[in-house]
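# Descriptive analysis of the structure
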Amino acid sequence: MTMVAVFAAMNMNAQVYVGGSVGFGSAKMGSGDSESTYKIVPEVGYNLNDEWAIGVALGYQKGTCNFGEFDFNPGKTEVFMVNPYARYTFLDSDMVNVFIDGGIGFASYKDLGSAFQAGLRPGIALKASDKISLVAHVGFVGFETFSPKGDGDSSNAFGLNLDNNNIMFGVYYNF
């Protein structure tokens, strides 16, 4: 009964959001076959107040993946991801929120190794209605490392990445 009361209280204050993003891409290199990649990243979060939120994104990707000099088994690589974050909204208007997510992430590349990241990801949310927000994340600044299975050396990266591979679009439903 207590769980029902807590959930009802959260719904009345519009503090919980659920949603996420999906992606699909296809590339053909020269005369080779086309290679497709897709990504599904559901997300849930909780607004602590008008400026701060906490959340977690869980993801699955299949297809072409790379990390630095590593280029993984095109079309066949599977990746499972978890990214908890804290979100700070520094511009909140009637139509638009501009925010930055600070978080850590872990990814497991099936049969290949694992990756870890810590950093910041800026974003923007367009309020389509009281309940629906269209969200975009652009870029990443921080630290990433990949540890291959077996005897391979780890690969590390630090810096700012604003290329088109770091753009994600999604939709949130606000309770």
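Note that the coordinates shown come from a computational prediction; the quantities given were computed from them, not determined experimentally.

## Thoughts on the overall build of the protein chain
A count of helices and strands for the protein chain gives one helix and ten strands. Moving toward the C terminus, one meets the helices and strands of the protein chain in the order α-β-β-β-β-β-β-β-β-β-β. Per-residue burial for the protein chain yields a buried fraction of 32% across its 175 residues.

## Some words on the nonpolar core
The biggest cluster of nonpolar side chains holds seven residues, and these are Tyr17, Ala53, Tyr85, Phe99, Ala125, Val135 and Tyr172. Listed in part, the six residues of the second largest apolar core include Met81, Ala107, Tyr109 and Ala115.

## Overview of unusual backbone geometry
In most cases, non-glycine residues show a negative phi, while peptide bonds are predominantly trans. Positive phi outside glycine occurs at Asp111, with the angle close to 65 degrees. Considering the arrangement of structural elements, one finds Asp111 in the loop between β5 (96–109) and β6 (113–127). Judged by its relative accessible area of 60%, Asp111 is exposed.

## As for the pattern of salt bridges
Applying the stated criterion to the full structure yields four salt bridges. Taking the shortest distance from any N to any O, the salt bridge between Arg87 and Glu43 comes out at 3.6 Å. One end of the pair, Arg87, is in strand β4 (residues 70–92); the other, Glu43, is in strand β2 (residues 34–47), and 44 residues separate them in sequence. Grouping residues by exposure puts Arg87 and Glu43 together as buried. Of the charged contacts in the structure, one is a salt bridge between Arg87 and Asp101, with a shortest N-O distance of 2.6 Å. Of the two residues, Arg87 is situated in strand β4 and Asp101 in strand β5; the sequence distance between them amounts to 14 residues. For the residue pair Arg87 and Asp101, the accessibility class agrees, reading buried in each case. Connected via shared salt-bridge partners are Glu43, Arg87 and Asp101.

## A short note on the environment of Asp50
Along the chain, Asp50 turns up in the loop between β2 and β3 (52–67). Taking the C-alpha atoms as reference points, Asp50 and Asp92, separated by 42 residues in sequence, lie 8.0 Å from one another. Not counting residues within four places of it along the chain, the set of residues in contact with Asp50 comprises Thr89 and Asp92.

## A few points about the pairing of β6
In the case of a regular strand, side chains alternate between the two sheet surfaces. In the sheet, β5 pairs with β6 via 14 bridges, with the strands oriented antiparallel. Within β6, the position partnered with Ala107 by the bridge is Ala115. Here β5 folds back onto β6 in antiparallel fashion, the turn holding three residues, of which Asp111 has a positive phi close to 65 degrees. Pairing geometry for β6 and strand β8 (residues 140–148), over eight bridges, is antiparallel. Its bridge partner being in β8, Gly113 is matched across the sheet by Pro148. Note: β6 against strand β7 (residues 132–138), five bridges, orientation antiparallel. Residue pairing for β7: Leu126 is matched across the bridge by Leu134. Two successive antiparallel strands, β6 and β7, enclose a turn made up of four residues.

Scoring rules and cut-offs
Residues numbered from 1 in each chain as written. Predicted model: local features only at pLDDT ≥ 70, side-chain atom pairs only at ≥ 80, totals over all residues. Heavy atoms only, no water. Helix = DSSP H or I, 4+ residues; strand = E, 2+ residues; numbered from the N terminus. Buried < 20%, exposed > 50% of the residue type's maximum accessible area, 1.4 Å probe, protein only. Core = buried A, V, L, I, M, F, W, Y, C linked by side-chain atoms within 4.5 Å. Salt bridge = Lys/Arg side-chain N within 4 Å of Asp/Glu carboxyl O. Contact = heavy atoms within 4.5 Å. Pairing = 2+ DSSP bridges.

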